[in-house]
Structures are given as C-alpha cells and as structure tokens.
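# Per-entry structural report
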Amino acid sequence: MKSKSKVTREEALAYHLEPRPGKIDIQASTAMTTQRDLSLAYSPGVAVPCEAIAENPETAYDYTTKGNMVAVISNGTAVLGLGNLGALASKPVMEGKAVLFKRFADVNSIDIELDTEDPAEFINAVKLMGPSFGGINLEDIKAPECFIIEQQLKEIMDIPVFHDDQHGTAVICAAGLINALHLSNKKIEDVKIVLNGAGAAGIACLELLKAMGARHENCIMCDTKGVIYQGRTEGMNQWKSAHAVKTKARTLDEAMRGCDVFLGVSAKGAVTQDMVASMADNPVIFAMANPDPEITPEEAHEVRVDAIVATGRSDYPNQVNNVLGFPYLFRGALDIHARAINDEMKIACAEALAKLAREDVPDEVAMAYGRKLTFGRDYIIPTPFDPRLIYTIPPAVAKAGMETGAARRPIIDLDAYAQTLNARMDPTASVLRGINARARAKQARMIFAEGDDVRVLRAAVSYQRNGLGKAIVVGREADVREKLESVGLADAVRELEVVNAANTSNLDTYKSFLYDRLQRKGFDRTDIHRLAARDRHVFSSLMLAHGHGDGLVTGATRKSAHVLGLIGHVFDAGAQDGAVGVTVLMHKGKIVLIGDTLVHEWPEADDLALIAQRGATVARGLGIEPRVAFVSFSTYGYPVSERAEKMHLAPKVLDKWGVDFEYDGEMTVDVALNRDVMAQYPFTRLSGPANVLVVPARHSASISVKLMQEMAGATIIGPILTGLEHPVQICSTNSTANDILNMAMMAASRIGH
C-alpha cells in the first residue's frame, strides 16, 4: 500500500483560490471578433435558429449546447461525508463534479445550487430548467428525499436524470463484482450477498445487482439496527421494505456467515476479521465506506488469503470510483439524445467496464501507475486514467439506449463514433498523471536549491506531503521557518530537511571536488570556497553530485542562462557536452515539444540532430511516440536560403545515426502540425502531425514558446534539461509553486535521462 498523501487546509484553499477563484471558466466556442460575428451570434442572425427550434424542438441539439451540457444540481443536504452544509457550501463539490465531466468525457457542465430542503420546490426548480440541458446529475442530496426527487423528475422530464451518489456507485460496484465472480468461478444468480448500509448508494447497488440476475432471497440488507427482515418495523421506510427478506439472521455478524459477497457503504470498522473468516470460499469484499473502509484489505487478507477486496480508496487496489461511470454514461446518453438513463444502459456500462479490465493494459497506463496492471484479484476494475474508457464505455451505453428505445437520434456507425470519441480527448492530463505516478514510484530525495523563496518552499512541502519523496531544502533554517509561517505552513518545518553550508560536514569534500574540476579554469581556492559555501546553486549541485540527493530543482530566483552556467561548474552542462533544453507546450488538447530552448544558441546540423534525439527521448518519457519535424520558414528546399540549409541537412545526420523514431524536414510549422497541409506533400516521412519541433536557434525557440504562452494561454513545462549525468531541472523566474512542483516531478521521474 502506498502512503496516503496529506492535503493541508492551506493547500486546499490555495488550489481553489488560484489562479482565479473556483475551478471552471466559460469560453466561447465560436469567433466573436468582427461585427459580422456579432451579428451572427446575436441579433439579427440568432433569430434564425430560434425560429428553427420553435418549429422543430429537436433541432435545439443541433444549434445550441443542449446536447453536450449537463447540470450538476444539489441542495447541499449531504455534502460528501460532512453532512448538511447547505447549498452554498456545496458549490466547491459541484464545481469539481463539473470539472470531472469535462476532463474525462468532454461533457460541458455547470453547477447549480438550490437553496431549499423542500423536495417539491427542488423538483419544480429543476423541471423549469429542463430546456437548458441535455441531462441532470443530482448530487449530495440526503435520503430519503433523494429517492423522491429523482423518481419524480424522471417521470416529468424528457432528459436523463441521474443521482450519481446512488447509481454511480452501483454501476462501478456491479462492474467489479462481475469480474470478482468471474475469478471466483461463481454466478450472480447463485451467490449470497450481504449489504451493509441502507442509504441511497446501498439500495441502488442492490437494485442494480438484482436487475442483473441476483436473487431477491439471496440478498440481505443491513442498517445500523441490524438485518432488514420481513416483519421488521423499527427504522423502516418503503425503500428498505422493498428489500426485506425472510431470514433468521438479525445481525450483520449472523448475516455474513457463509455469504459469498459483502458490500459495504456504511462506516469504518463495521466488519471484523471474525466476520470475514466466516464467509464462504473465495469471498468478495467491497468495503466502500469513505474515507476509511469497513475493513482494510490488510485486515481481510490476514484471515482470508482467498478474499478479493475492493475499497473506495485510491491507495488500495480495486478502487470503486464513480468517475469510471458517470462521465461515460452521460457521454453515451447525450450523443443519442437520450430521454433517460435506464437500467439497461447502466448494466451495459458495468459490463463494458468489466470487459475492459480483462483486456491487456496499455503501456501508457502502466507507466502512469508505475506498475504493470494485469487482470486478477488486485485488478478487477479499470483505473480512472485508462485512455480507453472514453471510446469503449459510451458506445456500449449508446447501443443499450438505442436497443431499449431511449434514443431520440440513434448512432448509425458505432465504430466511427468510437473514433470520434478518441479524437476529442485532451491528452494533457494523462501525461501529467504519468509524470506524477512515475515520480511517486521513484520516491526521489529532491533538492530544492532556493529555500529563501516562498514559491519554492510551497513546492517542497507539496512534493513531500503528496507522497512523491523526500524534500531537501537548501537555506537557513530560521529563514525557512519564517517564510513558511508567513504562508500558514509553520508545521511543515518539522517535515522538511533544511541544509546549508554551515550545517553540513561535507563542505570540505565538496570544495575538493570543485577545485579539481576548476583549478585549470582560473579558479583559486578562495574562489572555490566562495562558490561552494555561498552560492546555493553550486552548493546544491555539489550535493547532487555526491549522492546527497537524487534530483535538483533550481532557477526560480535567477535567470536560467546564469543558473546553467553555475551548474556547469559541477556538471558537464554545456552545448559541447550534449546538454539540451526541451520545452513541453500544451494547448487545446495538443502537446508539442520544442527544442532547444535553453542551451544551444545557434546549433549546426549535428547539434540539431542531437536536439531531435533528446526531444524524442523526452517525448517517450512522457508516453508520446515521437514524430520530429525540423522547422524553418521554408519547406523541402523552397524558398532557397542559406539559413535553412542546416535544417535540410539535419535529417541526413539522423539517417546516418539510424535512429528509431520518425523525422523529416525542413518544413514550415503549418506543414508540420496541420494534417491537411501536410497532405499536400505525400512524400513526407511523417505518418501524422509532428509532436517534436526542432527550431533553427534558441531565440526562435524562446519566441515561439513565449508567444504561445502569452497569446494563446498555452501551458508550458520546462525547459526540461537533458543530457546531464544527474537529473537537474531549471525553472523560470516567473514560475508558480505548481510549476516548480512539476519540474521537481520531472527531475524525480528522470524524464530525458
């Protein structure tokens, strides 16, 4: 089990505050620049689609965002595990749910918080908003009101209404159970199931499993008062009564004796080891209480090595995570303009998830999680960041919706539909997730050189508290303590290791090493002492060179070229040494690497070939198969220019080297990145748009990156320094704490090495 990351109050508040309050923005999807644009977007042009929709309401899906818009609606009566916090306090959760819709299934979503606990008022408010949306996701509404609200809204609305706290958990639970029973060689219609927790999620789980074939008489539901049996009157309601069975069992302990499956949506510690020991052979235990399960996998396996265990926790195998379900259920439902999400669609989602877990796991998923995932007792449910989810689950949901009459507009070609789903997803998050997972697996001791900067200190604290490894801060302890206190992180001083020249016994060793390197380069012993004892960049590099850390992050307080020169005193970090800087540029779902943005001022053909090779290495480190383009203002020799000649020669150098990645050039940027323009050159070696661009000089690389960052709002990571013996990454002086943390993860995961 991995250590659980600690999230402090200060970190959580900062995340929701910066760079702008909240977690969502609204961005126009059409041009709004000229007077004609405005005339088409609003008056008078907007009247035309208005009239078309009035004549045929179905065209609202064609001319508005309705077909890709879900409302996440709550009254805040059951916020996470925090209880009734009210509508306003639920807004951060609802914004988060809206972000998940967009991130995982490209579904636009908006959060709506209704300030009422009256089910009738709530129902009427949602009903009146129906024309705006293609679906309604209800969230964090307490039982039994959630049952009443959902049922009535389903009856009166002609779009999907889905209470995720109920059905999201049920779908993922069902998917995991399909595979657990497959491994146990048992059938759902034969197994004895015990459910503990008769709330919204528990009831939905049992109802879905019964719809899939579980027998009513084989399912026992328990609540805080014990077994729900026929004839019980205490603490009952109509939803519990529907699952009452004829049984002599009165306690959870008695119910679990000889049972095959335990499902828990209750509370920490509700299940004992004796209960687990009394279960049938190959027991299935889904302890889904959050944040702590009814029984931990370790506790269960101590008494039953044959148990298959799932929890709601990400730090254990087999996480029952709702994000595997609701984005893709709605994606499939929206794309067929569904009237509802019915049981058949939910079952199709569960079966597709179960099938996906039984398939070979792609390398990029294994890279993201730092381990090989293979179907078995510790892998019965797909991981949330599996890129195949988007193009496998929605088609299954859509197919079930079409077969059951829920679709207004059926999809004719499901294979083509799957391809469009794959193309629309933004790979950025999965790349960052992969870096995070690789860094977490390495558990590197990361040296943060500039301990006098608050941004660096916040990044160091995040690095350690997120379970990425050990953070070593170079600075004066009193100064570090004072700066951490100023940002509400005073307690972090005890966690970080603070080092400077005054409290290390290694200084003489460092100076001797540095003198040997620099004595023939004009440095005397006084110079060496000044560098080793007073310059934090040099001192930190010496720490790394002597194995007193596994990686180094610096540069947040000094210009990168100056910092690179200081690092060069300790490491061979110059252009002549093969060092290269590669910047990752992410924008609108596309990832492009640009090099060299740091080291080579004016590279020649051989240098450009090396830059290409380093860029390809970084790309593969990020899980991207490289396609390299040598870009210029000319394409394949036209217009003829002496300045473009080296871009023409560089591919020939790679020809001689016999590299194992795609490359071509010289070419203009539009030829490199635009598939349609590239098609005008059928002889190109590239099989698709380039993702690694090698530019003629450092100044053109810098201009390209800064222009995209400022004009287009692109996300920038880097430059990533490659070619050094040890992992060193240099931040820019305008880096945020999160940027510095990203660079630390780059160093920890040894991207480019």
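Let us look at the structure shown here. Because the structure is predicted, anything quoted here is derived from the model rather than measured. Chains are numbered independently. Their residues run from 1 in the order of the written sequence. Only residues with pLDDT of at least 70 get local features here, since the model is predicted, and only at 80 or more are side-chain atom pairs given and counted; chain-wide, interface and lining totals rely on the full set of residues. To get the side-chain values, take all heavy atoms of the structure and skip hydrogens and water.

### Structural notes on the overall build of the protein chain
Helix numbering and strand numbering both begin at the N terminus, where a helix is a DSSP run of H or I of at least 4 residues and a strand a DSSP run of E of at least 2. What the protein chain contains, in helices and strands, is 31 helices and 21 strands. A radius of gyration in this sense is built from C-alpha atoms; the matching globule rule multiplies 2.2 Å by the number of residues raised to 0.38. Taken over the C-alpha trace, the protein chain has a radius of gyration of 29 Å; the compact-globule value for 753 residues is 27 Å, and the two agree within 12%. Expressed along its principal axes, the backbone C-alpha trace of the protein chain runs to roughly 95 × 70 × 50 Å. A buried classification covers 54% of the 753 residues belonging to the protein chain. Contacts are assigned to residue pairs that have any heavy atoms within 4.5 Å of one another. Nonlocal contacts in the protein chain, meaning residues at least 24 apart in sequence, comprise 71% of its contacts between residues at least 6 apart. Surface summary for the protein chain: the accessible area is close to 33,300 Å², and the carbon and sulfur share equals 51%. Exposure categories follow from relative accessible area, calculated using a 1.4 Å probe and restricted to protein chains: below 20% of the type maximum is buried, above 50% is exposed, and the middle band is partly exposed. The Shrake-Rupley method, run with a 1.4 Å probe sphere, supplies the accessible areas, and residue values consider only the shown protein chains as cover.

### Topic: the side chain of asparagine 196
Inspection of the secondary structure puts asparagine 196 in strand β5 (residues 193–196). N or O atoms closer than or at 3.5 Å make up a polar contact, with two conditions inside protein: a donor-capable atom paired with an acceptor-capable one, and, for residues adjacent in sequence, both atoms drawn from side chains. Among the polar contacts made by the side chain of asparagine 196, one reaches the side chain of serine 266 at a distance of 3.0 Å.

### Regarding the environment of glutamate 298
Locating glutamate 298 in the fold gives a position in helix α13 (residues 297–303). Since its relative accessible area comes to 37%, glutamate 298 is described here as partly exposed. Separated by 177 residues in sequence, glutamate 298 and glutamate 121 have C-alpha atoms that sit 47 Å apart.

### Let's talk about helix α26 (residues 605–621)
A helix is expected to span 1.5 Å for every residue after the first. Given a rise of 1.5 Å per residue, 17 residues ought to cover 24 Å, and the 24 Å separating the end C-alpha atoms of α26 matches this to within 8%. Regarding α26, the residues found buried are Ala605, Leu608, Ala609, Leu610, Ile611, Ala612, Gly615, Ala616, Val618, Ala619 and Gly621. A positive backbone phi angle near 85 degrees is found at glycine 623, which sits one or two residues after α26.

### Notes on the sheet that holds strand β18 (residues 662–667)
A pair of strands is labelled paired if DSSP reports no fewer than 2 bridges between them. Spatially, the six strands line up as an open sheet ordered β18-β17-β19-β16-β15-β20, and their pairing is mixed. For this open sheet the edge positions go to β18 and β20 (715–722), each flanked by a neighbour on one side alone. With direction set aside, neighbouring strand axes in the sheet form an average angle of 20 degrees. Bridge count between strand β15 (residues 580–587) and strand β16 (residues 590–595): six bridges; the pairing is antiparallel. Looking at the pairing, methionine 586 lines up with isoleucine 591 of β16. Along the sheet, α26 contacts β15, β16, β17 (627–631), β19 (692–694) and β20; its crossing angle with β15, the most-contacted strand, is approximately 50 degrees. Simply put, an axis is a line fit to the C-alpha atoms, just over the touching stretch for a helix, and the angle between two N-to-C directions goes from 0 to 180 degrees.

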